[in-house]
Amino acid sequence: MIKLPETVEQTVVNILRLANTKLPSDVGWALEAAAAWETDGRASAQLGAILDNVKKAELLGRPMCQDTGIPIFYVKGKIPPSIRQDIAAGVRRATAEIPLRPNTVDPLTRENSGDNLGEGMPIVHFIPTEDAYTEISVMVKGAGSENMTRLGMLNPSDGAAGIEKFVADSVLDAGGKPCPPGVIGVGIGGTAEECLLMAKAAAMSSSENPDPVLRKMEEDLFVRINGSGLGPMGLGGGATVLAVKIRKACCHTASLPVAVSVGCWATRRASARMTGDRVEYSQEADV
Ligand code: SF4
C-alpha cells in the first residue's frame, strides 16, 4: 500500500527525468542498427548527429529534445485514490526541476499554464488489476510527431492490404515533420476512440508482438516504409521507421477503424513499479 503522496510525486519526477534524458535501450539499439546499415551519406550524417545528441543528453542529464512533449501516464495495478493529484504534483515539480518546457496551453485562448498542467492535464489512463503493485508508466510525446496522428474509418472490404496501405501512406505523407526515424504505433479495430488508444499503447510497448499475424504485418510494414527512400528527417535514405507495433481488437461488422500514432526518433518512455515502499525503475513498458 502506498502511504506517502510524496513517494508518488517523487517517482513521477524520476520517471519524467529518465524518459527525457535517456532513450529506452530498444529504441537506442534500433537507432544504432539503422546507423550501421544506412548507406546514404546524408542519412548517415543525420543518424550520427541524433546518436551524438542522445549520448550527450544522457551524460549531461539534459532533455534530449527541446520539445519535452506532453506526458501521457498509464497507471496499472492497484489504483491509490489520490494518484491523479500526486501525478500532477510530480509534473509540476519536474517542469521546474529538470526543467521541462511548459507546453500545455488552453486550446482556445492559447494561454500557457507554465507548469504543464491546466484543464484536463495530466493525461492519465487507468488499468486496474488485482496485483499488489502500482505501476506508473509515462510516454513523453512531442507535437511534431503527435500532429501526424491519423485515424481512418476504412471499408471492411479494404482488408489487410488496405490497412497496410493506409499505415504506409500516413507515415510517408508526414514526410520529415515527425523527425523520422521513429516508432510507429498502429491500432486496428475497436471503435474510433479505442483504436487511437490502441495505437498509442502499441507505440509504448517494448515487447515482441505475441500474435504471429500482426508480427508479420509489422515486419512487412517496416520493410515497405524503409524502402520508400524518405529517410532520417525526411532528407532521403533507408531509415524512416525504427519499428512498427500493432494492436488489434474486434470491431463492428460494418467498420474497419485503423489508427496510426506516428513517433519520432525521440521515442521516450519510462516506468516505475511501486510495491510497498520499494520502487523499481525501468524503460520497458507494456500497457
Ligand atoms: S518530433 Fe520528436 S524529435 Fe522532433 S522536435 Fe518533436 S519531440 Fe523532438
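Residues numbered from 1 in each chain as written. Predicted model: local features only at pLDDT ≥ 70, side-chain atom pairs only at ≥ 80, totals over all residues. Heavy atoms only, no water.

**Student:** Can you explain the overall build of the protein chain? Please cite residues and give values.
**Tutor:** Secondary structure summary: the protein chain contains 8 helices and 9 strands in total. Its C-alpha atoms give the protein chain a radius of gyration of 19 Å, within 12% of the compact-globule value 19 Å for 287 residues. Along the longest, intermediate and shortest principal axes, the C-alpha atoms of the protein chain span 50 × 50 × 40 Å. If you take every contact in the protein chain between residues at least 6 apart in sequence, the share linking residues at least 24 apart comes to 80%. Total accessible area computed for the protein chain in this model is approximately 13200 Å², and 56% of it derives from carbon and sulfur atoms. (Helix = DSSP H or I, 4+ residues; strand = E, 2+ residues; numbered from the N terminus. Rg over C-alpha atoms; globule rule 2.2 N^0.38 Å. Contact = heavy atoms within 4.5 Å. Areas by Shrake-Rupley, 256 points an atom, 1.4 Å probe, with all protein chains shown as cover.)

**Student:** Run through the pairing of strand 2 (residues 123-128), naming residues and quoting values.
**Tutor:** Where strand 1 (residues 70-77) meets strand 2, 6 bridges bridge the pair, whose relative direction is parallel. In the strand pairing of strand 2, Gly-77 is matched with Pro-128. (Pairing = 2+ DSSP bridges.)

**Student:** How would you summarise the site of the ligand if you had to cite specific residues and measurements?
**Tutor:** The full set of residues close to the ligand is Cys-65, Gln-66, Asp-67, Gly-142, Gly-144, Ser-145, Pro-178, Cys-179, Cys-264, Trp-265 and Arg-268. For the shell around the ligand, the class distribution of residues is 5 nonpolar, 4 polar and 2 charged. Each of two domains, domain 1 (5-22 + 64-142 + 268-282) and domain 2 (144-262), supplies a minimum of three residues to the shell around the ligand. (Near = heavy atom within 4 Å. Nonpolar A, V, L, I, M, F, W, Y, C, P; charged D, E, K, R; others polar. Domains from an automatic or database assignment.)

**Student:** Account for the environment of Thr-11, with residues named and values stated.
**Tutor:** Relative to the helices and strands, Thr-11 is located in helix 1 (residues 5-21). Sequence separation between Thr-11 and Ser-271 is 260 residues, and the spatial gap between their C-alpha atoms is 9.1 Å. When neighbours within four sequence positions are excluded, Thr-11 is seen to be in contact with Ala-272, Met-274, Val-279 and Tyr-281.

**Student:** Before we move on, could you go through the domain arrangement of the protein chain and cite the residues and values that matter?
**Tutor:** Segmenting the protein chain into domains produces domain 1 (5-22 + 64-142 + 268-282) and domain 2 (144-262). One C-alpha centre belongs to domain 1, the other to domain 2, and the line joining them spans 25 Å. Across the boundary between the two partners, domain 1 contributes 10 residues, which contact 12 residues of domain 2. Buried area between domain 1 and domain 2, summed over both chains or domains, comes out near 810 Å², and the portion from carbon and sulfur atoms is 60%. Contact with domain 2 buries surface across domain 1, with Met-139, Lys-141 and Arg-269 losing the most and accounting together for 56% of the total. Taken together, the connections running from domain 1 to domain 2 amount to 1 salt bridge. (Buried area = accessible area lost by both parts, 1.4 Å probe. Salt bridge = Lys/Arg side-chain N within 4 Å of Asp/Glu carboxyl O.)

**Student:** Give a description of the pairing of strand 5 (residues 182-189) that names residues and reports values.
**Tutor:** With respect to burial, strand 5 is a largely interior element, 8 of its 8 residues being buried. In this structure, strand 5 lies alongside strand 6 (residues 241-249), joined through 8 bridges in parallel fashion. Looking across to strand 6, one finds that Val-183 is bridged to Ala-243. Pairing geometry for strand 5 and strand 7 (residues 256-262), over 5 bridges, is antiparallel. Of the residues in strand 7, the one forming a bridge with Gly-187 is Ala-259. (Buried < 20%, exposed > 50% of the residue type's maximum accessible area, 1.4 Å probe, protein only.)

**Student:** Just give me the short version of the environment of Glu-130, but keep the residues and values in it.
**Tutor:** Note on placement: Glu-130 falls in the loop between strand 2 and strand 3 (134-141). Glu-130 gets classed as exposed once you look at its relative accessible area, which sits at 81%. Here the alpha-carbon distance between Glu-130 and Asp-169, two residues 39 residues apart in the chain, equals 41 Å.

**Student:** For a nonpolar patch on the surface, give the residues involved together with the corresponding values.
**Tutor:** Among the surface-exposed residues, Leu-151, Met-153 and Leu-196 lie close enough to one another that they form a single nonpolar patch of about 250 Å² accessible area. Within the fold, Met-153 resides in strand 4 (residues 150-154). (Patch = residues over 30% accessible without salt bridge, like charges linked within 9 Å, V, L, I, M, F, W, Y side chains within 5 Å.)

**Student:** Go over the sheet that holds strand 1, please, and point to the residues and values.
**Tutor:** Here 5 strands make up an open sheet; going across it, the order is 2-1-3-8-9 and the pairing mixed. Both edges of this open sheet fall to strand 2 and strand 9 (278-282), since each of them pairs with a single strand only. On average, each strand axis in the sheet is tilted by 15° relative to the strand beside it, whichever way the strands run. Pairing of strand 1 with strand 3 involves 8 bridges; the strand directions are antiparallel. Counterpart to Ile-70 in the pairing with strand 3 is Lys-141. Across the sheet, helix 7 (residues 192-204) lies against strand 1, strand 2, strand 3 and strand 8 (268-275), angled at about 95° from strand 3, the strand it touches most. (Axes fitted to C-alpha atoms, helices over the stretch in contact; angles between N-to-C directions.)

**Student:** So what's going on with the side chain of Glu-38? Which residues, and what values?
**Tutor:** With respect to the secondary-structure elements, Glu-38 resides in the loop between helix 2 (25-37) and helix 3 (41-60). Here Ala-239 takes part through its backbone nitrogen, which lies 3.0 Å from a polar atom of the side chain of Glu-38. Those residues in contact with Glu-38 that sit more than four places away from it in its chain are Ala-43, Ser-44, Leu-47, Pro-232, Gly-237, Gly-238 and Ala-239. (Polar contact = N/O pair within 3.5 Å; in protein donor to acceptor, adjacent residues only side chain to side chain.)

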